[in-house]
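Examining the three-dimensional arrangement
Here is what each chain is made of, one letter per residue.
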Amino acid sequence: ELRQVDFDCLLAGYLLNAGGTVSLSALALEYVSDADVSDIEGSSLLVQTLREKLLDKLREIAQEQKPGKTVLDVFSRVEMPLIAILRAMERVGIRLNGSILTALSKEMEQEIESIQKEIYALAGREFNVSSPKQLSEVLFVELKIPTTNLKRTKTNVSTASSELEKLKSEYPIVALVEQYRERTKLKNTYLDVLPRLVDAESRLHTTFGQATAATGRLSSTDPNLQNIPIRSEWGERIRSAFVASPGKLLVGADYSQIELRVAAHLSNDAEMCAAFRRGEDIHRRTASLVYNVPPESVTDEMRRKAKAFNFGIIYGMGAYGLSQSAGMTRDEAGKFIEEYLEHFSGIRTFMESMKKFALEKGYVETELGRRRFLPEIASDNRQVAASAERMAINMPVQGLEADIVKLAMIAVDTCIRERFAGQVSLLLQIHDELIFEVEESIAPVFAHEVKGVMESVYPLQVPLVADVSIGKNWGEI
Ligand code: CTP
Ligand code: MN
């Protein structure tokens, strides 16, 4: 157990320059001057000096912020307490049933082979579908699929997914290539790889990045357990290989629509706040409008797609992006976005005020005081400035979401120490979702408890709701 760590230069550096590369040497070069160095004899003194400089800098920023909601508070109340929690999660790991994945891999191989056969039949010959060069030759030279709207690489017409996307509804072979790629990727990144990474107890250990994401979110690497697919049937089957140990169960707790609730809270938009107070589901509402069906007839698939539209509109995906993913014309998409921002007019005002704030100050921050510097918002390059504008809207929302989930992890950790010591381990954080492994007998009690903690950890103007579920594996929950 990690104890008595009271300062971390990496985390301080991260809070001072979220999204930048943080390393001890880079920080030392930036914050410790030659004059300081001439007095320094050993590296521990260097770190001591760096620590003081970083603390000074954090204090300097905190001076400009609201008391209790400063970057220094984020440092000491959120990031520092999280270190030991994340370390414990990494060490515990999650149990993997490797034989499930091995069986899935065999099944997947057959599916890939049969897709391949169909591709060969349509192509009129065999070739290596994974080779962009050969694929380009087959599609655009031999089958003469028109290439007017497609990008080119140095030597060929591009077969990037973004380009093939434009052709897939018209050319069955292109749709098959997409399926082939999706399945090959799942097989190569998860099915064949994860079983090799487990320890002697069949547990898989990720590494959490606490100083990586510019918004304040965590990252997960080696392996990345935050982007196991959720959408497809295959995603669920892969998740079913993540299991509870004998005598235990998994408890999952997922915040419902937390980013939109945060957006409602920050923008104070009357319509969106009222909808959440009535217990409505905005993803469902958007789906019902886009697909023109009554809310109760919205399918899971429609709701899932509508999520991307809600996030997309708020974070500036634009009419073209929406038209591509919703299968609308550009005009229809433009009109939809216009009506959306008319209806939730507070969101539009919020978006404008964040851009203005960032342009004036050169940074944005979350309600808790976490800051992200965005000097490039003043760039003469329109593309660079536009991308900074999207970040200026995204960061205060996604960053507050990240802050809330981190606070929830700390609160739940305290609750576990006090009431469930030795019976519960927090295993994973997937942005707005926490996964625990618990003694079978206490699962319902703990699930109820964790829901209460998560929903009350940071009061917003609208209710925070966490959905909890219990199961033998991640697929079930
Ligand atoms: N997300 C995204 N685009 C999507 C789906 C999800 O950017 N199409 C991101 C968002 O940051 C979102 C997070 O992933 O907050 C969690 O996704 P999810 O739990 O699926 O979204 P919720 O809005 O919480 O919806 P639900 O009520 O289904 O939990
Ligand atoms: Mn969610």
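Please refer to the structure placed before this passage.
Note that the coordinates shown come from a computational prediction; the quantities given were computed from them, not determined experimentally.

Take the overall build of the chain next. Within the chain, the regular secondary structure consists of 19 helices and eleven strands. Each principal axis of the C-alpha atoms in the chain carries an extent, and together these give about 75 × 55 × 55 Å. Out of the 477 residues in the chain, the part that is buried amounts to 47%. A separation threshold of at least 6 residues defines the contact pool for the chain, and within that pool the share at least 24 residues apart is 65%. For the chain, the exposed surface amounts to about 23600 Å²; the carbon and sulfur share of it is 50%. Distance from the positive charge centre (57 side chains) to the negative charge centre (68 side chains) of the chain: 2 Å.

This part takes up the sheet that holds strand β11 (residues 466-471). Strands sit in the order β9-β10-β6-β11 across an open sheet of four strands; the sheet is antiparallel. Single-partner strands in this sheet number two, and they are β9 (424-429) and β11. Averaged over neighbouring strand pairs, the angle between their axes works out to 20° when direction is ignored. Here seven bridges tie strand β6 (residues 248-255) to strand β10 (residues 433-439), and the two strands are oriented antiparallel to one another. Across the sheet, the residue bridging to K248 is E439, located in β10.

Here we come to the coordination of the manganese ion (ligand 2). Six octahedral donors around a metal ideally sit at 90 or 180 degrees from one another, while four tetrahedral donors ideally sit at 109.5 degrees. Distances from the manganese ion (ligand 2) to its protein donors, D254 (OD), Y255 (O) and D432 (OD), fall at 2.2 to 2.4 Å. Given six donor atoms and angles of 69 to 170° at the metal, the environment of the manganese ion (ligand 2) is assigned as octahedral. On the accessibility criterion, Y255 (1% relative accessible area) is buried.

Let us now look at the site of ligand 1. Surrounding ligand 1, one finds 15 residues, the nearest of these being R217, E259, H283, R303 and K307. One nitrogen or oxygen atom from the side chain of D254 is found 3.4 Å from an oxygen atom belonging to ligand 1. Computed on the free molecule, ligand 1 has an accessible area of 580 Å², of which 71% lies beneath the protein chains in the complex. Elements represented by at least two residues in the shell around ligand 1 include exactly β6, α11 (258-267), α14 (300-314) and α18 (382-419). Ranked by residue count, the leading element in the shell around ligand 1 is α14, at four residues. Tallied by class, the residues present in the shell around ligand 1 amount to four nonpolar, four polar and seven charged.

What counts and how
Note on numbering: residues in each chain are counted from 1, in written sequence order. Following the order in which they are written, the chains are lettered starting with A and the ligands numbered starting with 1. Only residues with pLDDT of at least 70 get local features here, since the model is predicted, and only at 80 or more are side-chain atom pairs given and counted; chain-wide, interface and lining totals rely on the full set of residues. Water and hydrogen atoms play no part in the side-chain values, which are based on all heavy atoms of the structure. The helix and strand labels rest on DSSP assignments: H or I over at least four residues marks a helix, E over at least two residues marks a strand, and numbering proceeds from the N terminus. Working definition: with a 1.4 Å probe on protein chains only, accessible area under 20% of the residue-type maximum means buried, over 50% means exposed, and in between means partly exposed. In what follows, residue pairs with any heavy atoms lying within 4.5 Å of each other are defined as contacts. Accessible surface is estimated by sampling points in the Shrake-Rupley manner with a 1.4 Å probe; for residues, cover comes only from the protein chains shown. Only four residue types enter the charge count: Lys and Arg as positive, Asp and Glu as negative, with His and the chain ends excluded. Charge placement uses NZ in Lys and CZ in Arg. For Asp and Glu, CG and CD serve respectively. Strands qualify as paired when DSSP identifies two bridges or more between them. Angles shown run from 0 to 180 degrees and are taken between the N-to-C directions of axes, each axis being a line fitted to C-alpha atoms and, for helices, limited to the stretch in contact. Listed donor atoms are N, O and S within 2.8 Å of the metal (Na, K and Ca: 3.2 Å). As water is not included, a site may look incomplete. All geometry calls rest on donor angles, where a four-donor set with angles between 85 and 135 degrees is tetrahedral, four- and six-donor sets with opposite donors more than 155 degrees apart and all others between 65 and 115 are square planar and octahedral, and all else is irregular. Note on terminology: near, applied to a residue and a molecule or strand, indicates that one of the residue's heavy atoms is within 4 Å of it. Any pair of N or O atoms that falls within 3.5 Å is considered a polar contact. Within protein, one atom must be able to donate a hydrogen and the other to accept it, and sequence-neighbouring residues count only if both atoms are side-chain atoms. Put simply, Ala, Val, Leu, Ile, Met, Phe, Trp, Tyr, Cys and Pro go in the nonpolar bin, Asp, Glu, Lys and Arg in the charged bin, and everything else, Gly too, in the polar bin.

These values are about where atoms sit, not about what they do.
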